[in-house]
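Residue-level structural notes
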Amino acid sequence: IYPCYKFFREDSIMKGYTSETIRNVALVGHGGCGKTTFLESALLATGVIDRLGKVEDGNTVSDYDKMEIEKGFSINTSIVPVEWKDSKINFIDTPGYFDFIGEVNAALRASEAAVILVDAGAGIQVGTEQAWKACERYKMPRFIVINKRDKDEFDFYKTFNKLKAKFGETLIPFSWPLTAEIDEELKEAIAMTDDLLMEKYFNGDDFSDEEIKKGLVKGISEGGIVPVCSSAFSLGHGIEGLLDLLVTYVPTPLQHGAYKGFNDNNEQVEKMCVVDATPSAFVFKTIVDPFVGKISIMKVVTGKLTSGMEILNERTGKTEKLGKLFFLRGKEQQELNYAEAGDIVAVAKLQHTVSGDTLCDKNDIIRYLPLDYPSPSLYVAIEAVDKKDEDKIFSGLTRLREEDPSFVVERNDETHQTLLGGQGEMQLNIVMAKLKDRFGVEVKTVPQKIAYRETIKGTSDVQGKHKKQSGGAGQYGDVHIRFSPSQEEFEFSEELFGGSIPKNYVPAVEKGLKESMEKGPLAGCKVVNIKAVLYDGSYHDVDSNEMAFKIAASLAFKKGIAEAKPCLLEPVMRLEIIVPDDYVGDVMGDMNKRRGKILGMEPLAEGGQKLMAEAPQAELFDYAIVLRSMTQARGNFSMHFERYEEVPAQIAQKIIAAHQAEQEK
């Protein structure tokens, strides 16, 4: 059922690699563009496997998780090292679907370059755009590969021109091997990287092979050149050429820019990737396996990690002892004694370490920047199918969050619901499936409740009297209270005179009112923005006590709120919606249907519009799904609570009626 981690085959065991011979490359792009197939072809070409696995057959090296085999697409980042011409390329295979953008961001943090794969038949897809944007955000050197050139509709220059129109002039057609007789467009791009090369170019002189290589390395590293080539990986075409390109032109880890972070005084510091330094690493991926336990995958930034080493977890302040280090290739592992700066290595069973943590020397503390996970845009309410499993839900989800920190679990204290938040339905459905599969806890989604509020718009002046006589000591409490609206959540004061109520009973009255505010008379919601003035009452020398006055206050509260024009309030959310220009009209029209309003709009430098809007939370539960559908997944949004507003009368009547019906059950 679960991936059974095993050692590399004897004939495919890797030798040790030094920092300058390592390349870390993220594979990104839309789902189905051929990332996993490329890895299969690369492993076949380098003799690691003897038969090409297929995604649809569930037998590929990188898609080994049970869920991935069932679904037929990647849902986890996986590491697949490939040895090529005395170098090791650590490929980080990422999911292509937008629900898993957090996995892509983490993979790019651990890479020195990215390969964006494009389906020749489909062209530019939303996953292509997202991959490009992610590379831009991380200033990542990148290569574009137009895959599946065996398709009938393949036209390299047609697809290339669309890519260039979308992503800019840095895209250059590329073929391998290169010679001094290169394309004019490529020659001009190389000339732009160096003043001497520019002068030579204007003089009409040819570049030497060494000058071409030097210019390309610099241009690709700085983002001024993005090579675009083609392939048909399922047929084995283009594999060796791409591996050559990557070994030749991807910056080594030692050429990566400074890694930013903070020291133990919270001062900004930078670390260069070097071997001759104290050890440090950041964990960018965690695998939770029921049999093996937790596997932490990390990028070594400085120094060396060795088996048995003690190293500090900066976040927890606790020391971890590293067990056996190993390389992962899909689910296979190969033990090793040490890993140098720039390499990617896995360690099992770390006690206090999760994704995003920094491991470092206790005498040279650093906290590298956190992993970049987008805020959840879709929430669903869940509950256990079997009530006995409720305690297991949180422990299971906590374990799964170690593996995927991009989803969140929240407990709403007012609605008493457990909320699961993430990027979309696919991600949340997979989380729930894993919960059942790995931890035996089955959950179901239920309608999400709104944390409505109740308040008053008018004033009232009421008496609350509690009198009980049942033999022996009785109970007696009598209060007169004025209620009115307030800007504060709750205001209480007393204007008693002449000893109508002893002062020692006043706190009981206030407490009785506060407790009553937890459940309002309209729909059982929390009551807010109330001012209560206790101005009169009476007491009994024998029968009065604190409990009697608490009860009297609650009676006054129910009566007073009912007579002071009570109303329901609903949470209103503030949204920032990013959409391409073509969809602005549809998005604005949809927002109006949701009782929302557009507050403003501003154009974005990279294209598209940012809309600022407000809408009631009750109308937004499905917004992530609808916006994705409406914009072909090109729109996104962020949302936060803004304020409470009165619910329109017609809607309020339905909410109150539903509450009353539930109470009568």
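About the thresholds
Residues numbered from 1 in each chain as written. Predicted model: local features only at pLDDT ≥ 70, side-chain atom pairs only at ≥ 80, totals over all residues. Heavy atoms only, no water. Helix = DSSP H or I, 4+ residues; strand = E, 2+ residues; numbered from the N terminus. Buried < 20%, exposed > 50% of the residue type's maximum accessible area, 1.4 Å probe, protein only. Contact = heavy atoms within 4.5 Å. Areas by Shrake-Rupley, 256 points an atom, 1.4 Å probe, with all protein chains shown as cover. Lys, Arg positive; Asp, Glu negative; His and termini not counted. Charge placed at Lys NZ, Arg CZ, Asp CG, Glu CD. Arc of directions from axis to C-beta. Pairing = 2+ DSSP bridges. Axes fitted to C-alpha atoms, helices over the stretch in contact; angles between N-to-C directions. Polar contact = N/O pair within 3.5 Å; in protein donor to acceptor, adjacent residues only side chain to side chain. Phe/Tyr/Trp six-rings, centres within 6.5 Å; stacked < 30°, edge-to-face > 60°. pLDDT = per-residue confidence, 0-100. Core = buried A, V, L, I, M, F, W, Y, C linked by side-chain atoms within 4.5 Å. Parallel < 35°, antiparallel > 145°, perpendicular 65-115°, else oblique. Nonpolar A, V, L, I, M, F, W, Y, C, P; charged D, E, K, R; others polar. Disulfide = S-S within 2.5 Å. Salt bridge = Lys/Arg side-chain N within 4 Å of Asp/Glu carboxyl O.

This part is about the overall build of the protein. For the protein, the helix and strand inventory stands at 16 helices and 35 strands. Each of the three principal axes of the protein carries a C-alpha extent, and together these read 105 × 55 × 50 Å. By the burial criterion, 53% of the 665 residues in the protein qualify as buried. Within the protein, contacts between residues at least 6 apart in sequence are counted, and of these 73% link residues at least 24 apart. Per element, the accessible surface of the protein, about 30,300 Å² overall, is 48% carbon and sulfur. Each charge class in the protein can be summarised by its mean position, and for the 81 positive and 103 negative side chains these summaries are 5 Å apart.

Inspection of helix H15 (residues 623-630) places Tyr623, Ala624, Leu627 and Met630 among the buried residues, and these make up the whole buried set. Axial view of H15: buried residues confined to an arc of 135°, hence all on one face. Buried residues along H15 sit against strand E22 (378-384), strand E32 (566-579), helix H14 (584-593) and strand E35 (636-646).

So, on to the sheet that holds strand E21 (residues 367-368). Here we have three strands laid out as an open sheet, ordered E10-E9-E21, and antiparallel in their pairing. The sheet is open, and its two borders are formed by strand E10 (268-271) and E21, each paired with just one other strand.

Summarising the element assignment, Leu186 is placed in helix H6 (residues 184-191). A residue is classified by how much of its surface remains accessible, and Leu186, at 2% relative accessible area, is buried. As for Leu186 and Phe497, which are separated by 311 residues in sequence, their C-alpha atoms are 93 Å apart.

The subject of this paragraph is the sheet that holds strand E23 (residues 408-412). Strands sit in the order E23-E24-E22-E25 across an open sheet of four strands; the sheet is antiparallel. Bordering the open sheet on either side are E23 and strand E25 (443-446), each of which pairs with just one other strand. Going from strand to strand, the sheet's axes swing by 40° on average, the running direction of each strand aside. Where E23 meets strand E24 (residues 417-422), five bridges bridge the pair, whose relative direction is antiparallel.

On the secondary structure map, Gln609 appears in strand E34 (residues 609-616). Spatially, the C-alpha atoms of Gln609 and Ser375 are 20 Å apart, while their sequence positions differ by 234 residues. Ignoring sequence-local partners within four residues, the contact set of Gln609 consists of Ile577, Ile578, Val579, Asp581, Val584, Met601, Glu602, Pro603 and Leu604. Reaching out from Gln609, the side chain makes a polar contact with the side chain of Asp581 at a distance of 3.2 Å.

What follows is about unusual backbone geometry. Phi angles above zero are rare outside glycine, and Arg595 is one such case at about 60°. Within the fold, Arg595 resides in the loop between H14 and strand E33 (597-603). Positive phi, close to 70°, is recorded for Ala633, a residue that is not glycine. Among the secondary structure elements, Ala633 is positioned in the loop between H15 and E35.

Counted under the stated rule, the structure contains 16 aromatic pairs. Pairing Phe156 with Tyr157 gives two aromatic rings, centres 5.1 Å apart and planes at 85°, and the pair type is edge-to-face. Judged by centre distance (5.1 Å) and plane angle (75°), the rings of Tyr623 and Phe637 are edge-to-face. Of this pair, Tyr623 sits in helix H15 while Phe637 sits in strand E35, and the two are 14 residues apart along the sequence. Each of the two residues, Tyr623 as well as Phe637, counts as buried.

On to helix H12 (residues 506-516), then. Taken together, the buried positions of H12 are occupied by Val506, Ala508, Val509, Gly512, Leu513 and Ser516. Buried residues in H12, looked at end-on, bunch into an arc of 165°, giving them a common side. Those residues of H12 that are buried are in contact with strand E28 (475-485), strand E29 (490-494), strand E31 (530-538) and helix H13 (546-562).

For the rest of this paragraph, the subject is the side chain of Gln423. For Gln423, the location among the structural elements is in the loop between E24 and helix H11 (425-439). Within the structure, the side chain of Gln423 is placed 2.9 Å from the backbone oxygen of Ser375, a separation counted as a polar contact. If we skip the residues at most four places from it in the chain, Gln423 touches Phe98, Asp99, Pro374, Ser375, Pro376, Ser377 and Arg628.

Attention shifts here to the confidence of the model for the protein. Confidence in the prediction of the protein, expressed as mean pLDDT, is 89, and 94% of residues score 70 or more. Low pLDDT, under 50, characterises residues 1-7; the predicted model gives this stretch 26 contacts beyond four residues in sequence or across chains.

This part is about the pairing of E33. Across six bridges, E33 lies against E34 in antiparallel orientation. Note on E34: the bridge partner recorded for Pro603 is Gln609. Between the antiparallel neighbours E33 and E34 lie five residues, among them Gly607 with a positive phi of about 100°.

Counting residues in hydrophobic clusters, the biggest one holds 46 residues, and the most contacted among them are Ile144, Leu163, Leu171, Val228, Phe284 and Ile297. Setting aside residues up to four positions removed in sequence, Leu171 forms contacts with Trp132, Ile144, Phe160, Leu163, Lys164, Glu185, Val226 and Val228. With 44 residues, the next largest nonpolar core counts Cys33, Leu243, Val247 and Tyr249 among its residues.

On to the packing of helix H1 (residues 35-45) against helix H9 (residues 239-249). Two elements in contact, H1 and H9, have axes whose closest approach is 10 Å; the angle formed by their N-to-C orientations is 90°. Considering the angle they form, H1 stands roughly perpendicular to H9. On H9, the residues touching Phe38, Ser41, Ala42 and Ala45 of H1 are Ile239, Leu242 and Leu243. Considering only residue class, the contact of H1 with H9 consists of six nonpolar, one polar and no charged.

Turning next to the state of the cysteines. Applying the stated criterion to the full structure yields zero disulfides. A disulfide-free cysteine, Cys33 has its sulfur positioned 12 Å from the sulfur of Cys135, the nearest such atom. Under the relative-accessibility criterion, Cys33 is labelled buried at 1%. Looking at Cys360, it has no disulfide partner, and the nearest cysteine sulfur is the one in Cys273, 16 Å off.

As a working rule, side chains carrying opposite charge can pair if their charged atoms are close by. Here the structure, examined in full by the defined rule, presents 43 salt bridges. For Arg367, the salt bridge goes to Glu314, with nearest N and O atoms at 3.3 Å. Of this pair, Arg367 sits in strand E21 while Glu314 is found in the loop between strand E14 (310-313) and strand E15 (318-321), placing the two residues 53 residues apart along the sequence. A residue is classified by how much of its surface remains accessible, and Glu314, at 19% relative accessible area, is buried. For Arg643, the salt bridge is made with Glu645, and the minimal N-O distance between the two is 2.7 Å. A relative accessible area of 27% means that Arg643 is categorised as partly exposed. By relative accessible area, which is 32% here, Glu645 ends up partly exposed. Via salt bridges that share partners, Asp119, Lys148 and Lys151 belong to a single interconnected network.

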